[in-house]
Amino acid sequence: MSQPSTLLVELLTEELPPKALARLSNTFANGLVERLAARDLIDVADGGSPSFEPFGTPRRLAVAIRNVRAVAPQRQVREKVLPVSVALNANGQPSAPLAKKLAALGFPDMPLTQLERAMDGKTEAFFLNYAAPGVTLEDGLQAALDETLAKLPIPKVMTYQRPDGTSVQFVRPAHRLVAMHANRIVPVTALGLDADAVTLGHRFLSEGHVAILHADDYARTLEQRGKVIASMRARKEAIRAQLIEHAGADHVLMPEALLDEVNALVEWPIVYECRFDDAFLQVPQECLILTMQTNQKYFALTDASGKLRSRFLIVSNVQTHTPQQIVLGNERVVRPRLADAKFFFEQDQKKTLEQRVPLLANVVYHNKLGSQLQRVERLEALAAVIAPGVGVDAQRAARAARLAKADLLTDMVGEFPELQGTMGTYYARHDGEPDDVALACSEHYRPRFAGDELPSTAISTAVALADKLETLVGIWGIGLQPTGEKDPFALRRHALGVLRIVLEKQLPLDLMDLLRHAYAQFSAQPQVADPTSALYGFFIDRLRGLLRERGYDANEVDAVLSQNPTRIDDITGRLDAVREFAALPEAASLAAANKRITNILKKSDGAAQHVETKLLVEPAERALFEQLHNVTPTVQGRLSSRDYTGALSALASLRDAVDTFFNDVMVNADDAALRANRLGLLARLHEQMNCVADISKLAA
């Protein structure tokens with residue numbers, strides 16, 4: 001049997017949809033690997049995974065799979081033949097059904113003595129044990145190829161005809177199929193094509209047909225003779241390196257999504273420098289950048305201070321020593337796009353944002369929540385309520401909220417919805433609004449995603465909170481809360497945004513108060529049910545995950561959040577205190593005692609904290625009472641100054657008194673007065689011990 005070798009499979013097509021290329025390439029490669037591995041055609045070390053490299057260009061899907069066998073190893077098969085009662089006749093001799101079954105299995109002359117007789121559940125049966133030959137690579141690859149192509153995530157299927165008149169369905173017309181095991185062609189077919197060892201190179205830079213002499217040489221041969229970089233990863237890095245080189249001292253804006261899309265458009269990427277008229281720099285640079293990236297797939301450049309340059313970079317699929325026509329052509333194409341942006345900007349400035357606000361009455365926000373103008377009015381009122389809590393003038397916050405959505409009606413945002421908010425800031429400044437009011441038009445959307453910056457000013461913060469809370473309460477209140485993976489209104493993101501703002505800015509705001517104020521703005525929409533309690537639980541769940549991501553363990557988080565805090569600005573301070581407390585030698589004993597106290601008080605139906613000193617008859621309970629009495633002012637003083645670590649450290653001094661109490665005192669005394677008094681003492685102790693967090697959650 002030949003040694004395992006590299007298997008190459010390539011499907012050459014017309015230009016594939018660029019946004020789908022990466023997924024098509026990965027699915028094609030992974031599908032073949034998984035299906036060949038399932039047929040034991042890939043030699044994999046124990047515990048290892050198949051080794052392979054996917055390839056994808058605008059015109060090809062390919063994969064090179066290492067250590068592929070020509071024939072899979074034999075496999076041991078144990079197959080049930082028949083129950084003994086059927087296989088043997090009344091005389092205990094092989095029956096006719098047994099002979100027929102063995103013949104059907106391909107073993108007509110198999111003697112009875114060579115069959116295994118064993119229990120099959122509650123009945124006895126005969127089993128046939130034999131070594132089945134492994135599948136050949138030709139058969140295995142054909143099946144794997146058919147199954148993989150049938151499962152490709154094709155965005156839109158095309159139907160086309162082959163030269164022989166047969167109809168084929170695929171993402172794009174396919175022209176060639178390469179299937180090679182080392183230097184041998186594997187005779188498989190796909191989409192009406194027979195496999196061979198010849199592919200096509202670059203449309204313009206190669207001589208066309210490129211023979212692949214060995215599967216291991218595929219990528220190198222295509223690059224050297226075909227002027228094609230087959231690896232998507234290598235091609236993307238080549239684009240990135242060229243962009244950085246051509247940028248020189250400037251900074252090139254190359255978002256990964258744009259790099260991926262451009263990478264899917266070229267086989268031999270070459271970067272050229274182009275320019276546009278400096279007059280366009282009068283337009284907000286965000287508009288120009290978005291125009292170049294979205295419409296033309298160009299890469300903008302900024303200087304060291306972030307200011308847009310009038311030169312930009314393009315990625316071409318053609319390498320030439322005289323690129324003037326390519327450069328001029330791209331400069332000519334981008335000019336009208338930039339001119340449109342300039343026109344939109346100039347036209348939009350002819351009307352103030354304030355003049356646009358009443359027109360929001362014509363824009364539906366949600367059929368159950370009214371128009372965008374009604375929403376803006378809710379935001380105004382809510383921002384004014386929130387403003388004092390963030391230390392800003394209520395009227396100024398309301399003004400910012402009033403203008404925050406007005407740019408929805410501008411031509412620029414109509415053309416580029418991604419500029420919503422950004423253009424509002426530019427237009428508000430043009431209208432003479434205070435800078436913090438103008439800035440809130442864009443910053444009230446922050447944070448837009450995980451890790452995004454928070455609003456930078458107090459006014460932006462007030463409007464951002466109002467915007468997110470109004471969305472949460474309104475959408476949840478009409479029954480459109482997230483379900484499973486579905487969250488069309490991004491309520492999870494809005495909740496995390498509120499939590500991050502309050503938590504990271506240390507805002508002294510009560511979460512339940514915020515939700516109640518937000519709900520109060522919907523009095524004109526009776527169909528909005530009160531969602532505040534459900535939303536509070538939703539916030540706590542999001543907060544639990546957020547804190548875990550920041551490195552706090554489950555017990556620490558549970559200790560703090562199990563008390564259902566509504567002020568979350570000091571949550572991290574409490575968590576840090578709990579962590580320090582847990583490291584003290586007294587922590588385990590006190591946590592266990594607190595857990596015990598919690599269980600005792602639950603069974604007593606909520607004991608009052610009243611303690612009669614004359615009923616403290618045991619030395620241990622008197623000692624505990626005195627120490628608790630002495631330490632309580634210290635604990636409360638530190639608590640009021642938010643010194644949570646100090647409060648818990650003071651409580652640690654009670655360990656010995658608590659341990660002695662439980663060793664020496666019978667809480668559930670027969671005397672009702674003594675029992676009530678001791679429960680009162682434990683209730684008072686319980687309150688102090690849980691003033692920062694429920695430390696019983698730290699008990700093992």
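Not measured: the values here are computed from a predicted model. (Residues numbered from 1 in each chain as written. Predicted model: local features only at pLDDT ≥ 70, side-chain atom pairs only at ≥ 80, totals over all residues. Heavy atoms only, no water.)

Looking only at helices and strands, the chain has 26 helices and 20 strands in total. Computed over the C-alpha atoms, the radius of gyration of the chain is 37 Å, more than 25% above the 27 Å expected from 2.2 N^0.38 for a compact globule of 700 residues. Across its three principal directions, the C-alpha atoms of the chain cover 100 × 100 × 50 Å. For the chain, the residues scored as buried account for 49% of the 700 residues in total. Summing over all exposed atoms, the chain offers an accessible surface of approximately 32700 Å²; the carbon and sulfur share of this is 50%. Each charge sign in the chain was given a centre, from 78 positive and 86 negative side chains, and these centres are 3 Å apart. (Helix = DSSP H or I, 4+ residues; strand = E, 2+ residues; numbered from the N terminus. Rg over C-alpha atoms; globule rule 2.2 N^0.38 Å. Buried < 20%, exposed > 50% of the residue type's maximum accessible area, 1.4 Å probe, protein only. Areas by Shrake-Rupley, 256 points an atom, 1.4 Å probe, with all protein chains shown as cover. Lys, Arg positive; Asp, Glu negative; His and termini not counted. Charge placed at Lys NZ, Arg CZ, Asp CG, Glu CD.)

Applying the stated criterion to the full structure yields zero disulfides. Cys287 carries a free sulfur, and the closest cysteine sulfur to it, the one in Cys441, is 15 Å from it. Judged by relative accessible area, Cys287 falls into the buried class, the value being 0%. When its relative accessible area of 0% is taken as the criterion, Cys441 is described as buried. (Disulfide = S-S within 2.5 Å.)

Along helix 12 (residues 394–403), the residues classified as buried are Ala397, Ala398, Ala400, Ala401 and Leu403. Where helix 12 is buried, its residues touch helix 10 (353–356), helix 11 (372–390), helix 15 (435–443) and helix 16 (458–477). A distance of 3.2 Å separates the backbone nitrogen of Gln395 from a side-chain oxygen at the start of helix 12, and that oxygen is part of Asp393. (Contact = heavy atoms within 4.5 Å. Polar contact = N/O pair within 3.5 Å; in protein donor to acceptor, adjacent residues only side chain to side chain.)

Bringing the nonpolar core into the picture now. Within soluble globular proteins, side chains that are nonpolar generally end up buried alongside one another. Core analysis: the biggest nonpolar cluster contains 141 residues, and Met412, Leu465, Leu469 and Leu543 have the highest contact counts within it. Considering every element that reaches this core, the biggest residue donor is helix 16, with 11 residues. Apart from residues no more than four positions distant in its own chain, Leu469 is found in contact with Leu382, Ile386, Val498, Leu514, Leu515, Ala518 and Phe539. Counting residues in hydrophobic clusters, the runner-up holds 40 residues, among them Val9, Leu11, Ala29 and Ala190. (Core = buried A, V, L, I, M, F, W, Y, C linked by side-chain atoms within 4.5 Å.)

This part covers unusual backbone geometry. The peptide bond linking Arg446 to Pro447 adopts the cis configuration, its omega dihedral lying at -10°. Here Pro447 is to be found in the loop between helix 15 and helix 16. Of note, Lys227 is a non-glycine position whose phi angle comes to about 55°, a positive value. The topology assignment puts Lys227 in the loop between helix 5 (218–226) and helix 6 (232–247).

A word on the side chain of Ser206. With respect to the element layout, Ser206 can be found in the loop between strand 13 (198–200) and strand 14 (209–211). Here Ser206 falls in the buried class, since its relative accessible area comes to 16%. In terms of polar contacts, Ser206 uses its side chain to reach the backbone carbonyl oxygen of His202, at 2.7 Å. Of the polar contacts made by the side chain of Ser206, one reaches the backbone nitrogen of Gly208; its length is 3.2 Å. The residues touching Ser206, leaving out its near neighbours within four places in the chain, are Gly201, Arg225 and Gly226.

Purely geometric stuff here, so don't read any function into it on its own.
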